[in-house]
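Structural characterization, general
Spelled out from the first residue to the last, the chains are:
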Amino acid sequence: MSFFGISFLTAGGMYALSVCSEMTSIHRNGCYYFDISLINLIAFTIIAYILLSVIQFIYDRNQFFDNTYQIAVKYHQQTAHLEGLADTGNSLTDFYTGKPVIICDKSLLGAMAKPEHSHIVPYLTVAGSGTLEVFQPDEIIISPEYGTAKTVDALIGIGAQENGKAIFNPKLMRF
C-alpha cells in the first residue's frame, strides 16, 4: 500500500514539475530525465527533509506512552510478570539478531536470570558503558493499561534496574 502511495505521489510530483516549470524533460527508455539546476535540487531535498521530519514529529508526539504496562516473559515453562516502562531512550539493539532489547532487573526474572543460551551485548549510556547478558525468551507479551496486549519479538537483557521495572522502547508497541 505504501509503495503505491509513494509511486503515485512521485509520478504526480514529476508531472506537476514538468507542466508547471520551464524545465526541459527528455523521455528515453521508459525514464524521464529533468534538467534541474543544482540549486533547485538542493532546495527540493531540504524541503522534502523538513516535511518528512515534521510528519515524523507529529506522529511520534501523538503516541501515548504514558501508560502503565505489564510484561509477561515466558521461558521454559516459567513466566515472569513485570511492570514495564516505555522509554524512548532505550534504543539498545542486539547486533547479532537486530532485535530490540528489553532491560529487566535480575531479581525480577527469578530462575530465568540464568538462561541456558545467552550472549553479551555492549551498551553505552550517559552514565557509562558496559555489557549486558541477553537471551531469547519463548514469548514476550506487553499489555498496556488501556489497549490490547501485543506479542513482541525482542530479547531480554539481564541488568540491575534501580526502579524495578522492565525498560523497553515504545516503538515495540507500534507494529
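Everything that follows concerns the structure shown earlier in this document.
Below is a summary of the structure that appears in this document. (Residues numbered from 1 in each chain as written. Predicted model: local features only at pLDDT ≥ 70, side-chain atom pairs only at ≥ 80, totals over all residues. Heavy atoms only, no water.)

1. Focus: the side chain of Asn169
Positionally, Asn169 belongs in the segment after strand S11 (166-168). When residues no more than four places from it in sequence are discounted, the contact partners of Asn169 are Asp87, Thr88, Asn90 and Ser91. (Helix = DSSP H or I, 4+ residues; strand = E, 2+ residues; numbered from the N terminus. Contact = heavy atoms within 4.5 Å.)

2. Re the pattern of salt bridges
Tallied over the entire structure, the rule returns three salt bridges. The salt bridge partner of Glu139 is Lys74, with a shortest N-O separation of 3.5 Å. Here Glu139, found in strand S8 (residues 139-144), pairs with Lys74, found in strand S3 (residues 69-75); they are 65 residues apart in sequence, far enough to count as distant. Look at Lys74 and you get partly exposed, because its relative accessible area is 31%. Asp153 is paired through a salt bridge with Lys99; the nearest N and O atoms lie 3.1 Å apart. With a gap of 54 residues between them, Asp153 in the loop between strand S9 (150-152) and strand S10 (155-159) and Lys99 in the loop between strand S4 (78-86) and strand S5 (101-105) connect regions that are remote in the sequence. The exposure class assigned to Asp153 is partly exposed, which follows from its relative accessible area of 49%. (Salt bridge = Lys/Arg side-chain N within 4 Å of Asp/Glu carboxyl O. Buried < 20%, exposed > 50% of the residue type's maximum accessible area, 1.4 Å probe, protein only.)

3. A closer look at the nonpolar core
Among the nonpolar cores identified, the biggest contains 23 residues, and Ile102, Leu109, Ile142 and Phe168 are the most heavily contacted of them. Residue contributions to this core peak at four residues, all from S3. Setting aside residues no more than four positions away along its own chain, Phe168 makes contact with Tyr69, Ile71, Gly84, Leu85, Ala86, Asp87, Asn90, Ile102, Ile142 and Met173. Counting seven residues, the second largest nonpolar core, distinct from the first, contains Val101, Ile103, Val121 and Leu132. (Core = buried A, V, L, I, M, F, W, Y, C linked by side-chain atoms within 4.5 Å.)

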